[in-house]
Amino acid sequence: MATRQAHHADASSSRVLGQFRGKRVLITGTTGFLGKVVLEKLMRAVPDIGGIYLLIRGNKRHPDARSRFLDEIATSSVFDRLRESDPEGFDAFLDERIHCITGEVTEPAFGLDSVAFGKLAAELDAVINSAASVNFREELDKALTINTLCLNNIAELARRNPQLAVLQVSTCYVNGMNSGQVTESVIKPAGESIPRSSRGYYEIEELVRLLEDKIADVRSRYSGKVLEKKLVDLGIREANRYGWSDTYTFTKWLGEQLLMKALDGRSLTIVRPSIIESALEEPAAGWIEGVKVADAIILAYAREKVTLFPGKRSGVIDVIPVDLVANSIILALAEALAEPGKQRIYQCCSGGSNPITLGEFIDHLMAESKANYAAYDHLFYRQPTKPFVAVNRALFDLVISGVRLPLSITDRVLKLLGNGSDLKWLRNLDTTQSLAAIFGFYTAPDYIFRNDELLALASRSGEVDKGLFPVDARAIDWEVYLRKIHLAGLNRYALKARKVYRLKSLRQRKQAA
Ligand SMILES: NC(=O)c1ccc[n+]([C@@H]2O[C@H](COP(=O)([O-])OP(=O)(O)OC[C@H]3O[C@@H](n4cnc5c(N)ncnc54)[C@H](OP(=O)(O)O)[C@@H]3O)[C@@H](O)[C@H]2O)c1
């Protein structure tokens, strides 16, 4: 491939490329956002990689992994750059070096027979586990299965092949409700205590058994939609009890502990990204898939469904472009391949080195939407007329519960906020309340994620690899990124054209025919 040749000039002096030469890497979660960017970067920038194995579960349309890969992954715009620069090279890579495995990461041996599982383990040098349920309010049983217990199956793969380097994609938010500076180390729960081993990790077996008992109890008492809701509530309740805001982050923390114990003395690298957003540069500036965490709020604002949100304007909101995350994963894995047998934790974030506050974040987005809303036609249907106001939780709850208060009081609170006496936005109360319930914790941060270890790793890797696999969030100019890259990326990649436009053009095409 052309880009491969371009990188060849550097290959001899790149330690990362040297480490990956001939290596075979299994990746889970490539039907998702981050997994795709990791896969694309490995294909484009690591020319001598031995092979990439993708564990993909079948679905109704595509019972086998290869057909799901060809339909849902290979067609993604994430590969536009590769496909355009070298179409034959792209096809050849898919044919010769992408190996699709139909399997379920949550099942013992991925649902493969023991021989096939053993053969797979023996063929691999490394595994990148990116599959997860990122639904903050997932039913507890589902979250526990995919974010925690399935790591037993990853650990089993490593037991079958003791040389295997395991990289677990976690999240900075395993920090839960701890405040202050968060370093790249094992996180102590902020709530009820959990026993800790002298080896550093927490002993979670007893707690997992307790959670399973509670799940079984709820299951025995409810069914259907009510059961689902009860399992969601149970997850949030248990998460809160031990010091997390939601089921997702709680079960991801449990997953870290499980792996640290199961792979004690073996190669394990935990990479914790913060909130992953559109690409800074690669494969294309602004590339993103779907509407992510912060974008749900941006979208609700653009569509004028939300103008008020609980948040701390002075809090540092930690956003990291997806390409920097993919590079961190590759850099950290190269280190694990070079120096096996160690456990490492890296955070991939911006707060510690290039902070942006929630207030600045909102102001950039509002300035852009005011000045250029028409350029983002999938995002804004017209110029938003109301400002987006972040207020503290108590005031937010007071205003929101205002529907049940005499209107005069609500009116007074609104005046305090400078919103006059216009109550029209209360119509969108439901959207506001549900977004606030899901994301409210993330918009009032009182913690700073540090990435000193990741930056030290980048320095150790040398100038060539720093250039090939940049991870440093100090490269982000927030005004340019949020206004010109992220909003444009959301508009181009994450959002479809408005239905009325599509209908109109269909009609025009019919008329023209
Ligand atoms: N997005 C963020 O802002 C963010 C921030 C910090 C950390 N992370 C971490 O980054 C990783 C990737 O996140 P993402 O944003 O790429 O997520 P995503 O787009 O939602 O993709 C999730 C992936 O996990 C797979 N998956 C989910 N449930 C599964 C199950 N029960 N069995 C098998 N596979 C399952 C999905 O496969 P199917 O298509 O088969 O469902 C999909 O490939 C996760 O580990 C997440 O915790 C994400």
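As the structure is a computational prediction, the values presented were derived from the model and not from experiment. (Residues numbered from 1 in each chain as written. Predicted model: local features only at pLDDT ≥ 70, side-chain atom pairs only at ≥ 80, totals over all residues.)

A. Looking closely at the overall build of the protein. For the protein, the helix and strand inventory stands at 22 helices and 13 strands. Split into buried and exposed, the 513 residues of the protein put 43% on the buried side. Counted over contacts in the protein with a minimum sequence separation of 6, partners at least 24 positions apart contribute 82%. (Helix = DSSP H or I, 4+ residues; strand = E, 2+ residues; numbered from the N terminus. Buried ≥ 20, exposed ≤ 12 C-beta atoms within 10 Å, placed from the backbone. Contact = placed C-beta atoms within 7 Å.)

B. Local environment of the site of the ligand. Around the ligand, the structure places 24 residues, and the nearest of them are Thr 31, Gly 32, Leu 34, Ala 131 and Ala 132. Of all the elements in the fold, those that place two or more residues in the shell around the ligand are α3 (33–45) and β8 (275–277). In terms of residue count, α3 provides more of the shell around the ligand than any other element does, 3 residues in total. In terms of residue class, the shell around the ligand is made up of 12 nonpolar, 8 polar and 4 charged. (Near = placed C-beta within 6 Å. Nonpolar A, V, L, I, M, F, W, Y, C, P; charged D, E, K, R; others polar.)

C. Representation of the packing of helix α8 (residues 140–149) against helix α12 (residues 247–262) in the model. At a closest axis distance of 8 Å, the pairing of α8 and α12 adopts a crossing angle of 35°. Here α8 and α12 pass one another in a crossing that is right-handed. Between α8, through Leu 140, Ala 143, Leu 144, Asn 147 and Thr 148, and α12, the contact on the second element is made entirely by Thr 247, Tyr 248, Thr 251, Lys 252, Leu 254, Gly 255 and Leu 258. When grouped by side-chain class, the residues that make up the contact of α8 with α12 number 6 nonpolar, 5 polar and 1 charged. (Axes fitted to C-alpha atoms, helices over the stretch in contact; angles between N-to-C directions. Left-handed = near helix turned anticlockwise from the far one by under 90°.)

D. Molecular detail of the pairing of strand β5 (residues 165–169). β5 sits mainly inside the fold: 5 of its 5 residues count as buried. Burial of β5 is two-sided: the residues Ala 165, Leu 167 and Val 169 facing one way and the residues Val 166 and Gln 168 facing the other way are all buried. Sheet topology note: the strand β4 (residues 126–129)/β5 ladder contains 4 bridges and is parallel. Looking at β5, one finds that Asn 129 is bridged to Gln 168. (Pairing = 2+ DSSP bridges.)

E. Spatial organisation of unusual backbone geometry. Of the consecutive residues Glu 282 and Pro 283, the connecting peptide bond is found in the cis state with omega at -5°. Looking at where Pro 283 falls in the secondary structure, it is placed in the loop between β8 and α13 (293–302). Here the phi dihedral of Ala 109 falls at roughly 55°; this positive angle occurs in a residue that is not glycine. With respect to the helices and strands, Ala 109 occurs in the loop between β3 (98–102) and α7 (114–123). Even without glycine at this site, Phe 110 takes up a positive phi of about 60°. Here Phe 110 is to be found in the loop between β3 and α7. The class of Phe 110 is buried, set by 23 C-beta atoms lying within 10 Å.

F. Seen up close, α13. Counting buried positions over the 10 residues of α13 gives 7, a clear majority of the element. Downstream of α13 by a residue or two, Glu 304 has a phi angle that is positive, lying close to 60°.

G. Just helix α9 (residues 151–160), in detail. When we look at burial in α9, the residues that qualify are Leu 151, Asn 153, Ile 154, Leu 157 and Ala 158. Taken down its axis, α9 places every buried residue within 160° of arc, on the same side. Those residues of α9 that are buried are in contact with α7, β4, α8, β5 and α12. (Arc of directions from axis to C-beta.)

H. Expanded view of the sheet that holds strand β7 (residues 268–273). Strand order across the open sheet formed by 7 strands is β3-β2-β1-β4-β5-β7-β11, with parallel pairing between neighbours. Bordering the open sheet on either side are β3 and β11 (343–348), each of which pairs with just one other strand. Between one strand axis and the next, the sheet turns through 20° on average, direction left out of account. In this sheet, β3 lies alongside strand β2 (residues 51–56) in parallel orientation, the contact comprising 5 bridges. Considered in β3, the bridge of Leu 54 is made with Cys 100.

I. Quick peek at the nonpolar core. Counting 139 residues, the largest nonpolar core has Leu 54, Val 127, Leu 167, Ile 329 and Leu 333 as the members making the most contacts within it. The biggest single contributor to this core is helix α14 (residues 322–338), with 11 residues. Here this core spans two domains, and each of domain 1 (2–274 + 318–352 + 450–476) and domain 2 (281–317 + 354–446 + 477–513) adds at least three residues to it. Discounting chain neighbours no more than four positions away, the residues touching Ile 329 are Val 38, Ile 128, Leu 167, Val 169 and Val 271. (Core = buried A, V, L, I, M, F, W, Y, C linked by C-beta atoms within 7 Å. Domains from an automatic or database assignment.)

J. Representation of the environment of Thr 106. With respect to the helices and strands, the residue Thr 106 is situated in the loop between β3 and α7. Each C-alpha atom of the pair Thr 106 and Asn 153 lies 7.2 Å from the other, and the pair is 47 residues apart in sequence. Those residues in contact with Thr 106 that sit more than four places away from it in its chain are Thr 145, Ile 146 and Cys 150.

K. Up close: the packing of α8 against helix α11 (residues 224–242). Where α8 contacts α11, the two axes come as close as 7 Å, and the packing angle between them is 65°. Here Leu 140, Asp 141 and Ala 143 of α8 come into contact with α11, specifically with Leu 231, Leu 234, Gly 235 and Glu 238. In terms of residue class, the contact of α8 with α11 is built from 4 nonpolar, 1 polar and 2 charged.

L. Structural view of the environment of Gly 255. In this fold, Gly 255 is placed in helix α12. Overall, Gly 255 belongs to the buried group, with 28 C-beta atoms counted inside 10 Å. When the C-alpha positions of Gly 255 and Ser 170 are compared, they lie 8.3 Å apart, and in sequence the two are 85 residues distant.

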